[in-house]
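Each chain, written out:
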Amino acid sequence: MPVAEPQDDTNVVRYEVSDGIAWVYFNRPEKRNAMNPATNRVMTDVLDEIEFRDDVKVLVLTGEGDAWQAGMDLKEYFRETEAQGLRGVRKSQRESYGWFRRLRWYQKPTIAMVNGWCFGGGFGPLCACDLAICADEAKFGLSEINWGILPGGGVTKVVVDFMSMRDAMYLTLTGEAIDGKTAAAWKLVNESVPLDQLKGRVEELAKTIMEKSPSAIKAAKDAVRRVKEMTYDNAEDYLVRAQESANFFDNESRKEGIKQFIDDKSYKPGLAAFKRDE
Ligand code: ACO
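Presented here is an overview of the structure given in this document. None of these values were measured; they are calculated from a predicted model.

About the criteria used
Residues numbered from 1 in each chain as written. Predicted model: local features only at pLDDT ≥ 70, side-chain atom pairs only at ≥ 80, totals over all residues. Heavy atoms only, no water. Core = buried A, V, L, I, M, F, W, Y, C linked by side-chain atoms within 4.5 Å. Buried < 20%, exposed > 50% of the residue type's maximum accessible area, 1.4 Å probe, protein only. Helix = DSSP H or I, 4+ residues; strand = E, 2+ residues; numbered from the N terminus. Phe/Tyr/Trp six-rings, centres within 6.5 Å; stacked < 30°, edge-to-face > 60°. Lys NZ or Arg CZ within 6 Å of the ring centre and 35° of its normal.

1. What about the nonpolar core?
- Counting residues in each nonpolar core, the largest one holds 47 residues, and the members touching the most others are L61, W99, V114, F123, L126 and F140.
- Here this core takes 6 residues from helix α1 (residues 37–50), the largest share from any one element.
- Grouped together as the second largest cluster of nonpolar side chains are 17 residues, V58, V60, M113 and L198 included.

As structure tokens, then:
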């Protein structure tokens, strides 16, 4: 009787760092990168490991094979944890929602590079990323309704935040999958490009962001998420304080940015970023 090999869970997420970009891969292509509890745990570790590395300026989240990721693993995330009772269910929820939250407020800017299937729970990390570029060939769907649940775990919230109410409702009630171009038209992603141009476009976008002051990028991306639910006056107050607190970490960038434009006349902020010493 053959003995089953112990599964090496550490491979379910892999990453490589090159030219300032951490390419993080969902790595269960044989399961269309569905998120099982091991994925959620290893992803948390990977996010921890690379967040403050000096050589990581931008994080790109993508999928191995022909899926970005096919949502939660219906067998391992739902059926098997439910078999452990409420304790198992709550544990696996904490593990998945935990890294989605980490990603939402990540120190480095993040880009979802959606290379293929993206379903259900996958909308959590998709919308947790600051930007999203997909392949025209990608397919996005809230398939929950197709197997009998509502889009939970924050999914209904993020689609309503990112899309029009009509489009969010359409995806939610029909369970139909839309292609990349439609996802871009419906504002679920920033742009859709042919699959063979996807990586190049993401690299180009990452380079544009890398040229800016990292502390300004972090303050700005958090501000965009925070002010959405504030009144005008609260937002104004928050933004003043957010800038003042960003100055605590980096008070030189904005002075240098002003100097290079006003005194040196070496660039125009309306057209590009100032030159930074690394
Ligand atoms: N959960 C568990 N296993 C999955 C999942 C998933 N979400 N998605 C794919 N798999 C597994 C399949 O069971 C299959 O396993 P097997 O080889 O052991 O039989 C393997 O991945 C390959 O899947 P196929 O269906 O054969 O791949 P195909 O390329 O034909 O189809 C597709 C891809 C469309 C993504 C299909 O797998 C699918 O519909 N998956 C489910 C998508 C979904 O509804 N996800 C849940 C969203 S709801 C939520 O996240 C809360």
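2. Describing unusual backbone geometry
- Unusually for a residue other than glycine, D19 sits at a positive phi of about 50°.
- Structurally, D19 can be placed in the loop between β1 (13–18) and β2 (21–26).
- Of note in the backbone geometry, N33 takes a positive phi value of approximately 60° without being a glycine.
- Looking at the secondary structure, you find N33 in the loop between β2 and α1.

3. Focus: the packing of aromatic side chains
- Scanning the entire structure with this criterion turns up 10 aromatic pairs.
- For the ring pair Y77 and F78, a centre distance of 5.0 Å and an interplane angle of 85° mean the geometry is edge-to-face.
- On the basis of relative accessibility, which here comes to 6%, the residue Y77 falls in the buried class.
- Ring-pair connections join several aromatic residues into one group, and the members of that group are F26, W68, W99 and F100.
- One cation-aromatic arrangement involves K199 over W23; the distance from NZ or CZ to the ring centre is 4.6 Å.
- We note R226 situated over the ring of W105; from NZ or CZ to the ring centre the distance is 3.9 Å.

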